[in-house]
Amino acid sequence: MVEEVDFRVHWPGFDFRTLGRRLVSINLSDLAAMGAEPRYALVSLTLRGTLPLADVRRLYQGIAEQARRFSCAIAGGDVSGTLGLLTLTATLLGRLDSARSMLRREGARPGWLLAVTGSLGGAAAGLRLLESGRRPATRIERAWVSAQLDPTPRVIAGRVLVDAGIRVGGDISDGLYREVDRLVEGTRLGATIDVERLPLAQGVPRNEWALAVKESEDFELVCAAPAARISAARRILERINLPLTVVGEIDSAPGIRLRNGTRMARLEGAGYEHFR
């Protein structure tokens, strides 16, 4: 995560402890996207010498908190100085039961359902609020900001999907559209996303569904599987109060389509691109 690209220290209510948690969480999400069990983390920080020691301590506190929460040992890393922007890097290693018991991006089949965990669009709404410079004034707005700054990696959900026999999936770090596109990339397949079925975060207006599809860093999981396996995973996830919502299906026609009622919706520039 790079200052002024991935975060801004002048955001209202910015806190280095939360930033530390996010650094670990977004990498834990990569393990969740494969159904892996976290084991070790390497953390490398490039910091300004003028950064107050209290901020550095809070940063490390957040890193340690989130790693401990998910039984991930900080095994090493590096620290360097800079005269410029802060750069925070984490590399996480996890464990799989076998090479066959994991989520991969390839392997989807026509007729399979697309499903997502949790809710979508909250992180994008939170980022929009932060960029406006206005502090969140309501419980819903605070939840949006939390979704952006302090996401929950779906590590347990990743294991549940694998245990239910699901083998195709990933995490939603660059918007649902982009992640679904990756599930069919390099194939002759496509997908249809049903806009009306999107599980929007509380308070996100239904007419702003693009927040959930375009660039939201929700760090939820998306998967593709036969209906029976989706249902099996949903029943297990209900026990931990985490919804698994069907939002579309894999098609035999190339391209990603957005269905909104009886018409097909259009979306320009869908998905986050790092160098855009």
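Residues numbered from 1 in each chain as written. Predicted model: local features only at pLDDT ≥ 70, side-chain atom pairs only at ≥ 80, totals over all residues. Heavy atoms only, no water.

A. Up close: helix α6 (residues 176–184). Along α6, seven of the nine residues are buried, which leaves the element largely enclosed by surrounding structure. The complete set of buried residues in α6 reads Leu-176, Tyr-177, Arg-178, Glu-179, Val-180, Leu-183 and Val-184. Gly-186 occupies a position one or two residues after α6 and carries a positive phi of about 80 degrees. (Buried < 20%, exposed > 50% of the residue type's maximum accessible area, 1.4 Å probe, protein only. Helix = DSSP H or I, 4+ residues; strand = E, 2+ residues; numbered from the N terminus.)

B. Layout of the sheet that holds strand β8 (residues 244–251). If you trace the seven strands from one edge of the open sheet to the other, you get β5-β7-β4-β8-β6-β9-β10, paired in mixed fashion. Only two strands of the sheet have a single partner each, and these edge strands are β5 (168–171) and β10 (263–265). Strand-to-strand twist across the sheet, computed as the mean angle between neighbouring axes with direction ignored, equals 30 degrees. Note that strand β4 (residues 113–117) and strand β7 (residues 221–225) share four bridges and pair antiparallel. Bridge pairing in β7 places Ala-115 opposite Cys-223. (Pairing = 2+ DSSP bridges. Axes fitted to C-alpha atoms, helices over the stretch in contact; angles between N-to-C directions.)

C. Geometry of the environment of Thr-91. Looking at the secondary structure, you find Thr-91 in strand β3 (residues 87–95). On the basis of relative accessible area, Thr-91 is assigned to the partly exposed category, the value being 42%. In sequence terms Thr-91 and Ser-25 are 66 residues apart; their C-alpha atoms lie 11 Å from each other.

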